Amino acid sequence: MDIIISNSSGKPIYEQITSQIKNMILTGMLKEGDALPSMRLLAKELRISVITTKRAYDDLERDGFIESFTGRGSFVARKNLEFMREEQLKVAEDFLKQAVYTAKSSGITQEELVEILRVLYEEE
């Protein structure tokens, strides 16, 4: 599993793992029913504590992205598309809140900000 841990990131390691696995599920890189590496194996691959991988897996399970079974392992959960869409809308909203704050504190008008967003959206 291609997970990249950044020591310079402001995010805790377990959050970096959680967000990257969520992204893999949302983009279809990981499909419903796919097995995740065991917590021990992932910890070994990333050279981190098993406690850290457990925290990430617990968060993923709490949020409905994975299901864990004693003795069998952890698997990508059945997708709830509406839930996942809400999750992505929240992420986008958080980024946009930061953009609005930055724009207001820098004297960028709403019209300029909307135009920037329009241009960026059309580039993708």
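Everything below is about the structure shown above.
Notes on the structure in this doc start here. Quantities reported herein were computed from a predicted structural model and do not represent experimental measurements.

Overview of the packing of helix α1 (residues 13–26) against helix α3 (residues 50–62)
Then comes step 1: Where α1 contacts α3, the axes come no closer than 8 Å and their chain directions differ by 45°. Considering the angle they form, α1 stands oblique to α3. Between α1 and α3 lies a crossing whose hand is right-handed. Contacts between α1 and α3 pair Ile13, Tyr14, Ile17, Thr18, Ile21 and Lys22 from the former with Thr52, Thr53, Arg55, Ala56, Tyr57, Asp59 and Leu60 from the latter.
Then comes step 2: Residue composition of the contact of α1 with α3, by class: seven nonpolar, three polar and three charged.

Observations concerning unusual backbone geometry
Then comes step 1: Although it is not a glycine, arginine 47 sits at a positive phi angle of roughly 60°.
Then comes step 2: Mapped onto the fold, arginine 47 is located in the loop between α2 (39–46) and α3.

A closer look at the side chain of threonine 18
Then comes step 1: Mapped onto the fold, threonine 18 is located in helix α1.
Then comes step 2: Here threonine 18 is in contact with Ala56, Asp59 and Leu60, once residues within four sequence places are set aside.

Comments concerning α2
Then comes step 1: Within α2, the full set of buried residues consists of Leu42, Ala43 and Leu46. One face of α2 carries all of its buried residues, which in axial projection span an arc of 100°. Away from its buried face, by an angle of more than 90 degrees, α2 presents the exposed residues Arg40 and Lys44.
Then comes step 2: Lining the buried residues of α2 we find α1 and α3.

Parameters and conventions
Residues numbered from 1 in each chain as written. Predicted model: local features only at pLDDT ≥ 70, side-chain atom pairs only at ≥ 80, totals over all residues. Heavy atoms only, no water. Axes fitted to C-alpha atoms, helices over the stretch in contact; angles between N-to-C directions. Helix = DSSP H or I, 4+ residues; strand = E, 2+ residues; numbered from the N terminus. Parallel < 35°, antiparallel > 145°, perpendicular 65-115°, else oblique. Left-handed = near helix turned anticlockwise from the far one by under 90°. Contact = heavy atoms within 4.5 Å. Nonpolar A, V, L, I, M, F, W, Y, C, P; charged D, E, K, R; others polar. Buried < 20%, exposed > 50% of the residue type's maximum accessible area, 1.4 Å probe, protein only. Arc of directions from axis to C-beta.

On their own, these measurements won't tell you what the molecule is for.
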